[in-house]
Amino acid sequence: MKITRIETFLVPPRWLFCRVETDDGVVGWGEPVVEGRAEVVRAAVDVLAEHLVGQDPLRIQDHWQVLSKGGFYRGGPVLSSAVAGLDQALWDIAGKTYGAPVHALLGGPVRDRVRVYAWVGGDEPAELTEQIAAQVEAGFTAVKMNAAGATSPIPTPAETAAIVGRVAAAREALGPDRDVAVDFHGRFTAAGARRVLSELAPLHPLFVEEPVVPEHGHLLAGLVAASPIPLATGERLYGRADFLPVLTAGIAVAQPDLSHAGGISEVHRIASLAETHGAQLAPHCPLGPIALAASLQVAFATPNFLIQEQSRGIHYNKDADLLSYLVDPEPFRFVDGHASRGDAPGLGVSVDEAAVRSADRSGHAWRNPVWRHPDGSFAEW
């Protein structure tokens, strides 16, 4: 079996899919994308495809090595995301070839269902309460929310009180038997994060995500030591080498993204590295259906898995949603806040190719907003 063709599709709301075709007629799908830079990743996939066309798709680990390291310059979000989507597609082909789900090829399942969480806003307490009530009604047992919008690097007392007030509203709406995770999105300095963490501790968040930007990872050990709340990070880390220092610093939750951190192959290795440091895995995934399918396959085969992000109803999805490009939505039917393990081969989802090709004709040019502080200076988004 040889790879004969690799195509990419720029599909709304902000995703990039890739399709890898073989001469045996087996097709694999992947989701290589950097949100806001999808066109750049598309170009990277085209370059990497030069290595794959004509090759045996089942040599997944060898291809990963060559795609990641064969160009001498390595790492970074664009290359790692291009590799990630192609890696997902190769695992999809492998599963379809062997007639087994990817989690079986990773060593077999360690659980029968995967806990997932839903996104809610976080801007206004009243709006937040409404959104949480809807997610509880839908059966979810955990939600995630932003701590704040553009905020001073060291939050003022008023800003701190507003953040605590929103999380308190979430905790009241959820009660003591459900979880809320809080995303700082790297919007504070380490000093600002330390101030807010101490105020949030009595509300028992499941974890606080990205307390500082990734380039300040060397400050995480101090935050871990000062925080009674479990700290999480990883959506902007792209491989084991990036995760090693933050795991050594003591983060409780590693959050690699299956579409950014080298795909199934590398995230499976990151999960094992996290396990040796006593950390849990909670893959980042505010993306599309292929990325989520890949995430779930890893989750079913990972002993130290905690919870899975998913994008149904997320605020970014304006022109399409998680189910828009699937033939059958059943793999993403969540019951009591969980996704059930299926036995369909490969990634376990059937992509609606006609819908994907149609969407690609209009494409998208999604960009994240650029925020500024009241004085006109740049603010972290």
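This write-up is about the structure you can find in this document. (Residues numbered from 1 in each chain as written. Predicted model: local features only at pLDDT ≥ 70, side-chain atom pairs only at ≥ 80, totals over all residues. Heavy atoms only, no water.)

Thoughts on the packing of aromatic side chains
On inspection of all chains with the given rule, the structure shows 10 aromatic pairs. Note on Phe17 and Tyr325: the rings are 5.7 Å apart at their centroids and 90 degrees apart in plane angle, and the pair reads as edge-to-face. Here Phe17 is found in strand β2 (residues 15-22), whereas its partner Tyr325 is found in the loop between β11 (308-309) and β12 (338-340), with 308 residues between them in sequence. Exposure class is identical for Phe17 and Tyr325. Each is buried. Pairing Trp366 with Trp381 gives two aromatic rings, centres 6.3 Å apart and planes at 55 degrees, and the pair type is tilted. Of the two residues, Trp366 sits in the loop between α12 (353-362) and β13 (371-372) while Trp381 sits in the segment after β14 (378-379), which places them 15 residues apart along the sequence. Aromatic ring contacts, followed pair by pair, group Trp15, Phe17 and Tyr325 into a single cluster. The lysine or arginine in question, Arg269, covers the ring of Trp64, its NZ or CZ lying 4.5 Å from the ring centre. (Phe/Tyr/Trp six-rings, centres within 6.5 Å; stacked < 30°, edge-to-face > 60°. Helix = DSSP H or I, 4+ residues; strand = E, 2+ residues; numbered from the N terminus. Buried < 20%, exposed > 50% of the residue type's maximum accessible area, 1.4 Å probe, protein only. Lys NZ or Arg CZ within 6 Å of the ring centre and 35° of its normal.)

Side note on the pattern of salt bridges
Applying the stated criterion across every chain yields a total of 20 salt bridges. A salt bridge links Arg19 to Glu353, with the shortest nitrogen-to-oxygen separation between them at 3.2 Å. Here Glu353 lies in helix α12 and Arg19 lies in strand β2, a separation of 334 residues in the sequence. Overall, the relative accessible area of 7% leaves Arg19 in the buried class. Asp343 is the salt-bridge partner of Arg341, the closest N and O atoms lying 3.7 Å from each other. A network of salt bridges, in which partner residues are shared, links Arg5, Glu7, Arg19, Glu21, Glu353 and Arg357. (Salt bridge = Lys/Arg side-chain N within 4 Å of Asp/Glu carboxyl O.)

As for helix α10 (residues 263-276)
Helix length check: α10 (14 residues) gives 20 Å between terminal C-alpha atoms against 20 Å at 1.5 Å per residue, within 8%. Backbone geometry just downstream of α10 places Gly278 in the positive-phi region, at approximately 70 degrees. (Expected span 1.5 Å × (residues − 1).)

Details of the nonpolar core
Here is a general trend for soluble globular proteins: nonpolar side chains tend to be buried in one another's company. By size, the foremost hydrophobic cluster in this structure holds 110 residues, and its most contacted members are Phe17, Leu86, Phe184, Leu200, Ile264 and Phe332. Considering every element that reaches this core, the biggest residue donor is helix α11 (residues 289-300), with nine residues. Excluding residues within four positions of it along the chain, Ile264 makes contact with Asp87, Gln88, Trp91, Val102, Leu106, Leu258, Ala294, Val298 and Leu347. One finds Ala142, Leu206, Ala232 and Ile307 within the second-largest nonpolar core, a separate group that totals nine residues. (Core = buried A, V, L, I, M, F, W, Y, C linked by side-chain atoms within 4.5 Å. Contact = heavy atoms within 4.5 Å.)

Notes on the sheet that holds β2
Reading across the sheet, the three strands line up as β1-β2-β3 and stay open at both edges, with antiparallel pairing between neighbours. Every interior strand has two partners, whereas the edge strands, β1 (3-11) and β3 (27-30), have only one. For this sheet, the mean inter-axis angle between neighbouring strands, taken without regard to orientation, is 20 degrees. Bridge count between β1 and β2: eight bridges; the pairing is antiparallel. Across the sheet, the residue bridging to Arg5 is Glu21, located in β2. (Pairing = 2+ DSSP bridges. Axes fitted to C-alpha atoms, helices over the stretch in contact; angles between N-to-C directions.)

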